[in-house]
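# Survey of secondary and tertiary structure
The lines below spell out each chain.
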Amino acid sequence: MTSVITGDIIGSREQESEHWVEDLKKILAQFGATPNQWEVYRGDEFQIEVKNPEEALLTAILVKAHLRAIKSDARMSIGFGNKTHNAEKISESNGSAFIHSGELFETLKKQKVTLAMRTGNDETDEKLNLMIQLALTFMDSWLAQSAEFVAIAIENPTLSQEEIGQKLGINQAAVSRRQKRAQFDLVLNLDRYFRKQIKQLTAL
């Protein structure tokens, strides 16, 4: 089983920064080589293959945090399943993970949802999507400072608040406030629950 994130930048034409495509590419570069593991295409759309499906949700949240830190955001769908055709470009690869991700992505605008997932197991999808929607009530409102904290905390899971503060140039009390404002503990709880559910699916 693999997982595929399909996304686009929300309001890309109204972006304040003219460099947002380069900003997006910098964010995605940490997920491997382009165009095999990730690709930006049609101007503002992108796709990432996350080979360990348990990492998929945190990867999408990390992309969201990086984008909100630069006052941007994305709509993303996560599809789970197999990969039957491995092309040089991820946008030309195929399999149920790609189909689930692509089909779901087409419905996001209508649903007015910025993040959703599809495994093909209706019960799992309903449960996890409800939890993601609840988390989006605060994730969609992250201000740049909170989002910056989230990105650093996800990328450096072993750092203490003091060490994160050194990276951000703020004291430990300010880090603690950002962590609370971002509801980061809830994000980690959601991620833990999500991993458990996906593990059970891959074991079937």
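Our subject in this report is the structure included herewith. (Residues numbered from 1 in each chain as written. Predicted model: local features only at pLDDT ≥ 70, side-chain atom pairs only at ≥ 80, totals over all residues. Heavy atoms only, no water.)

### Observations concerning the sheet that holds strand E4 (residues 74–81)
This is how it is decided: In this scheme, strands are said to pair when DSSP sees at least two bridges between them. Each helix is a run of DSSP H or I of at least 4 residues and each strand a run of E of at least 2, with the numbering of both proceeding from the N terminus. Only C-alpha atoms enter the line fits that serve as axes; for helices the fit covers just the stretch in contact. Angles between N-to-C directions range over 0 to 180 degrees. Whether two residues touch is decided by their heavy atoms; if any such pair falls within 4.5 Å, the residues are in contact.
In spatial order, the strands read E2-E3-E1-E4-E5; together these five strands make up an open sheet with mixed pairing. On the outer flanks of this sheet lie strand E2 (38–41) and strand E5 (115–118), each paired with one strand and no other. Adjacent strand axes in the sheet meet at a mean angle of 15 degrees, parallel and antiparallel pairs treated alike. Of the pairings in the sheet, the one linking E2 to strand E3 (residues 45–50) comprises four bridges and is antiparallel in character. When the sheet's bridge partners are listed, valine 40 is paired in E3 with phenylalanine 46. Strands strand E1 (2–9), E2 and E3 of the sheet are contacted by helix H1 (residues 20–29), whose axis makes an angle of about 170 degrees with E2. Against the sheet, helix H3 (residues 96–111) touches E1, E3, E4 and E5, its axis set at about 150 degrees to E4.

### A closer look at the packing of aromatic side chains
Stated formally: Classification of ring pairs rests on two measures: the distance between centres of Phe, Tyr or Trp rings, Trp counted by its six-membered ring, which must be within 6.5 Å, and the angle between planes, read as stacked under 30 degrees, edge-to-face over 60 and tilted in between. The buried label goes to any residue with under 20% of its type's maximum accessible area, the exposed label to any with over 50%, and the partly exposed label to all in between, with areas taken from a 1.4 Å probe on protein chains only.
Taken as a whole and judged by the stated rule, the model has two aromatic pairs. Summarising the aromatic geometry, the rings of phenylalanine 80 and phenylalanine 194 are spaced 5.9 Å apart at their centres and angled 50 degrees between planes, so their arrangement reads as tilted. Here phenylalanine 80 is found in strand E4, whereas its partner phenylalanine 194 is found in helix H8 (residues 184–203), with 114 residues between them in sequence. Here phenylalanine 80 matches phenylalanine 194 in class, with each residue buried. On the numbers, 5.4 Å between centres and 85 degrees between planes, the contact of phenylalanine 149 with phenylalanine 184 is edge-to-face. One end of the pair, phenylalanine 149, is in helix H5 (residues 144–155); the other, phenylalanine 184, is in helix H8, and 35 residues separate them in sequence. Overall, the relative accessible area of 1% leaves phenylalanine 149 in the buried class.

### Side note on the nonpolar core
Put simply, the rule reads: The criterion is simple. A nonpolar core is a set of buried Ala, Val, Leu, Ile, Met, Phe, Trp, Tyr and Cys residues joined through side-chain atoms within 4.5 Å.
Core analysis: the biggest nonpolar cluster contains 56 residues, and Leu28, Phe46, Ile48, Ile78, Trp142 and Phe149 have the highest contact counts within it. Looking at this core element by element, the count peaks at nine residues for helix H2 (residues 56–69). What tryptophan 142 contacts, discounting residues up to four positions off in sequence, is Ile61, Ala65, Arg68, Ala147, Val150, Ala182 and Val187.

### So, unusual backbone geometry
Cis geometry marks the peptide bond from threonine 34 to proline 35; its omega dihedral reads 5 degrees. Structurally, proline 35 can be placed in the loop between H1 and E2. Phi is positive for lysine 71, close to 60 degrees, though the residue is something other than glycine. By secondary structure assignment, the location of lysine 71 is in the loop between H2 and E4. The class of lysine 71 is exposed, set by a relative accessible area of 65%. If you check the backbone angles, lysine 112 has positive phi at about 55 degrees while not being a glycine. Here lysine 112 is to be found in the loop between H3 and E5. Lysine 112 sits in the exposed class, given a relative accessible area of 76%.

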